[in-house]
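# Observations on chain architecture
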Amino acid sequence: MDLTAGHVWVMVSAALVLLMTPGLAFFYGGMTRAKAALNMMMMSFIAVGLVGIVWVLWGYSMTGGDGVAQLFGNPFSSFGLEGLIGTEDMIGAGYGVTFAIITVALISGAIADRAKFGAWSLFVPIWVTAVYCPLAFMVWGGGLLSAEGAIGSTVGEAIDFAGGTVVHISAGVAALVLAIILGKRQGFGKDPAHRPHNVPLVMLGAALLWFGWFGFNGGAASTAEEAGLIWVNTMAAPAAAMVGWLVLERFRDGRPTSLGAASGIVAGLVAITPACASVSPIGAVGLGLVSGAVCALAVGLKYKLGFDDSLDVVAVHLVAGTLGTIAIGFIALPVDGEGGGLFYGGGSGQLVAQIVSVLVAVTLSAVMTAVIGLAIHKTIGFRVTADNEVSGVDLSEHAETAYEFGGLGVGGQFHPFHATAKVSVADPGQQKVTS
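Residues numbered from 1 in each chain as written. Predicted model: local features only at pLDDT ≥ 70, side-chain atom pairs only at ≥ 80, totals over all residues. Heavy atoms only, no water.

## Re the overall build of the protein
The condition is simple: In this description a helix means any DSSP run of H or I spanning at least four residues, a strand means any run of E spanning at least two, and both kinds are numbered starting from the N terminus. Only C-alpha atoms enter the radius of gyration, while the globule expectation follows 2.2 Å times N to the 0.38, with N the number of residues. A simple rule labels every residue: compare its accessible area, found with a 1.4 Å probe on the protein chains alone, to the largest value its type can have, and call it buried under 20%, exposed over 50%, or partly exposed in between. For this analysis, residues touch if any pair of their heavy atoms sits within 4.5 Å.
Helix and strand counts for the protein stand at 15 helices and four strands. For 435 residues, the compact-globule formula gives about 22 Å, and the C-alpha radius of gyration of the protein, at 22 Å, lands near that figure. Seen along its three principal axes, the alpha-carbon backbone of the protein occupies a region of about 80 × 55 × 45 Å. In the protein, buried positions account for 51% of the 435 residues. Sequence separation of 24 or more characterises 73% of the internal contacts of the protein that already satisfy a separation of 6 or more.

## Digging into the side chain of H168
Checked against the element boundaries, H168 lands in helix α6 (residues 164–182). By relative accessible area, H168 is classed as buried at 2%. Those residues in contact with H168 that sit more than four places away from it in its chain are L106, G163, W213, F216, V270, T273, H317, L318 and G321.

## Things to note about the UniProt feature "domain: Ammonium transporter AmtB-like" (unreviewed entry) in the protein
Condition: UniProt positions are given in the numbering used here, feature names are shortened, and annotations may be inferred rather than shown by experiment.
In the numbering adopted here, UniProt assigns the feature "domain: Ammonium transporter AmtB-like" (unreviewed entry) to residues 8–403. The span residues 8–403 is 67% helical and 1% strand by assignment, and the distance between its end C-alpha atoms comes to 40 Å.

## Description of the environment of A162
Among the secondary structure elements, A162 is positioned in the loop between α5 (152–155) and α6. Along the backbone, A162 and P274 are 112 residues apart, and their C-alpha atoms lie at a distance of 5.2 Å. Leave out the neighbours within four places in its chain, and A162 touches F99, W140, V167, F216, N217, T273 and P274.

## Let's talk about the packing of helix α9 (residues 258–272) against helix α12 (residues 313–331)
To keep things clear, this is the line we draw: In this description, a line fitted to the C-alpha atoms serves as the axis of each element, helices being fitted only across the stretch in contact, and the angle between N-to-C directions of two axes falls anywhere from 0 to 180 degrees. Angle categories: roughly parallel below 35 degrees, roughly antiparallel above 145, roughly perpendicular from 65 to 115, and oblique for all the rest. In this scheme, a crossing is called left-handed if the near helix is turned counterclockwise away from the far one by less than a right angle; it is called right-handed if the turn is clockwise. Put simply, Ala, Val, Leu, Ile, Met, Phe, Trp, Tyr, Cys and Pro go in the nonpolar bin, Asp, Glu, Lys and Arg in the charged bin, and everything else, Gly too, in the polar bin.
Interhelical geometry of α9 versus α12 gives an angle of 40° and a closest axis separation of 7 Å. Classified by the interaxial angle, the pair formed by α9 and α12 is oblique. With respect to the hand of their crossing, α9 and α12 are arranged in right-handed fashion. On α12, the residues that touch V266, A267, V270 and A271 of α9 are V316, H317, A320, G321 and G324. Taken together, the residues of the contact of α9 with α12 break down into six nonpolar, three polar and no charged.

## Remarks on the confidence of the model for the protein
Basically, it comes down to this: The predictor attaches a confidence to each residue, called pLDDT, with possible values from 0 through 100.
Mean pLDDT over the protein stands at 93; residues scoring 70 or higher make up 93%. Per-residue pLDDT stays below 50 along residues 419–435; that stretch engages in 31 contacts with residues further than four places along the chain or on separate chains.

## Observations concerning empty space enclosed by the protein
This is how the line gets drawn: Any residue with an atom within 4 Å of a point lines the site, the site being either a cavity, points on a 1 Å grid over the protein atoms alone where a 1.4 Å probe fits but cannot get out, or a pocket, an open set with protein on both sides within 12 Å along at least 5 of 7 lines. Grid points are joined across faces, edges and corners, and a volume is the space filled by probe spheres set on the points.
Using the criterion set out here, one finds one cavity of 30 Å³ or more in the structure. For the largest cavity, the calculated volume is near 70 Å³. Every residue along the wall of the largest cavity is listed here: F27, Y28, M31, W245, S263, V266, L311, D312, V313, V316 and H317. Taken together, the elements giving at least two residues each to the lining of the largest cavity come down to α1 (5–31), α9 and α12. By residue class, the composition of the lining of the largest cavity is eight nonpolar, two polar and one charged.

## Details of a nonpolar patch on the surface
Stated formally: Excluding any residue in a salt bridge, patches collect residues exceeding 30% relative accessible area, merging like charges within 9 Å and nonpolar Val, Leu, Ile, Met, Phe, Trp and Tyr side chains within 5 Å. What sets the accessible areas is the Shrake-Rupley method with a 1.4 Å probe; for residues, cover comes only from the shown protein chains. Definition used for salt bridges: Asp or Glu carboxyl oxygen within 4 Å of a side-chain nitrogen of Lys or Arg.
On the surface, a nonpolar cluster with roughly 450 Å² of combined accessible area is contributed by L3, V8, W9, M11 and V12. For V12, the location among the structural elements is in helix α1. Among the residues examined, V12 registers a relative accessible area of 40% and is labelled partly exposed.

## So, the environment of T154
Cut-off, in case you're wondering: The definition of a polar contact used here is a pair of N or O atoms within 3.5 Å, where within protein one atom must be able to donate a hydrogen and the other to accept one, and adjacent residues in sequence count solely through side-chain atom pairs.
Looking at the secondary structure, you find T154 in helix α5. What makes T154 exposed here is its relative accessible area of 63%. Along the backbone, T154 and A353 are 199 residues apart, and their C-alpha atoms lie at a distance of 9.0 Å. Within the structure, the side chain of T154 is placed 2.7 Å from the backbone oxygen of A150, a separation counted as a polar contact.

## Some words on the nonpolar core
Operational definition: As used here, the term nonpolar core means buried Ala, Val, Leu, Ile, Met, Phe, Trp, Tyr and Cys residues forming a set that is joined through side-chain atoms within 4.5 Å.
Among the nonpolar cores identified, the biggest contains 112 residues, and V104, I107, W120, F123, W127, Y132 and F382 are the most heavily contacted of them. No other element matches helix α4 (residues 117–140), which puts 14 residues into this core. W127 has contacts with T103, V104, I107, Y132, S170, A171, A174, S365, T369 and I372, leaving out every residue within four places of it along the chain.

## Observations concerning the packing of helix α10 (residues 281–298) against α12
α12 packs onto α10 with a crossing angle of 145° between their chain directions and a minimal axis gap of 10 Å. The handedness of the crossing between α10 and α12 comes out as right-handed. Residues G283, L287, S291, V294, C295 and A298 of α10 touch α12, and the partners they reach there are A315, V316, V319, A320, L323, G324, A327 and I331. Residues of the contact of α10 with α12, tallied by class, amount to eleven nonpolar, three polar and no charged.

So, in C-alpha cells, the structure goes:
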C-alpha cells in the first residue's frame, strides 16, 4: 500500500504526542523542589520505556480486537505485534502507545518528592495493563461503553474523542488514590520550600504540551473539516482557560502568576480533549473559561480535604477531564441535524451517556489503582524513608542531583539542599569540594 498523506499525518501526530511526555517531565520537574527534580522527570521517562515494551507485547492487543466480556481485548491476539507486520495497522499501534505512555506519566505528579523509583517502575506496567488498556477497549475498542457494548447500547454511546475518560479521568483518579496511600509530604501545607523551584521550566513544559496536544487531539481526524475544527478548538480552549485562571488569581490573590498561566493552559487542554471534535469554537472558549476558573479553585481542595496531591493532578486532570466530558452533554453540536447536547435541543440522552462513562472510568481506576498501589506499598514499600525525603529523592533514588553549586566559587557556602559545601584550595592547581 502506498504511503498517503493521512498515514503521514498520523505518524507526525504520534511524534507530537510522544514529545508531550518529555514536556510533562519539564512541567512536573520545575514544579518540584530542586532536590527532587531529576526523580520527577525520570518518572516520566521510565514510563516511555516500560509502557513501550508492554504495548508491543500485549498492551495493543488488549485495546482492540476480540474482547473478553467486553472488558478488554485478548492479550495474545497480536502478541508482539507480529500480526501487524506488513499492514498499515502498525501506524495506528504506534500512535496508540503514545497515549498510554503519557496517561500513566500524568499520575506521577501526585506523589512527587516521596515515591520510590523502583516501586513506581513496578506500578507503571501493571497499571497500564489493568486500567488503561481495559478502559481504552471499553471506550474505543468496541467494549462496554461503545455503541454495541452492554452499557453503550443501553444508555447511549459516550463521546470521548481523544481521552477525557480514558486518559485524564483515569489518571486523575489514580493520582488521588496514590496520594492517599503514600500520605502527605513532610511539611505539607506549612513548608514554603514545597514551592516550584524552576517556574521557567514549568512554562517550557506547558509550551511543549500545548504544541504536542495538536497531535493528541488532531491525529484521529478523519476529514479536513473535522481537523480544522479540532485545531481551532485546541487553540481556543486552553487560551481561554489561561485567561480564566489568571483572572481568578487576580481577584482572589491580587496577582496573576506564571504558574497559573501554565496550569490554566493545561486545564483547558484537558477539558477540550474529549470534546474537541464535537463543540463549536464558541463552545470551546466557554468551556476553557469555565475549566480555567474551576480548576484554579479546585487546587485548594487538597488543603481542605487533607490529601497531598503534590502537583495538582487531581485539580487539573480529574476536574477538567470531568468538566469536558460532561459538558459534551450540553454543548455538543448536532450531527447531520440530529442529536447534539441539551443546548442544541438534543435532549438528555447524550448527557446521561457522558455521566455514565465518567462513573465507569472513576470506578475502574479507583478500585484497580487501590489494589495495585496497596499491594506494592504493603510489600516492597512505595514511599521513601523520612531521612531520604529530607535529603532528597534525587540523591537517595538516583545518586545524582539536578544542580551542582558546590564548585561555583572558592570558599562558597551555598548549597541548594541545606548542606554545607566547602572548597579546599591548599593546592592552587587543585580544587576539591567536600561536604
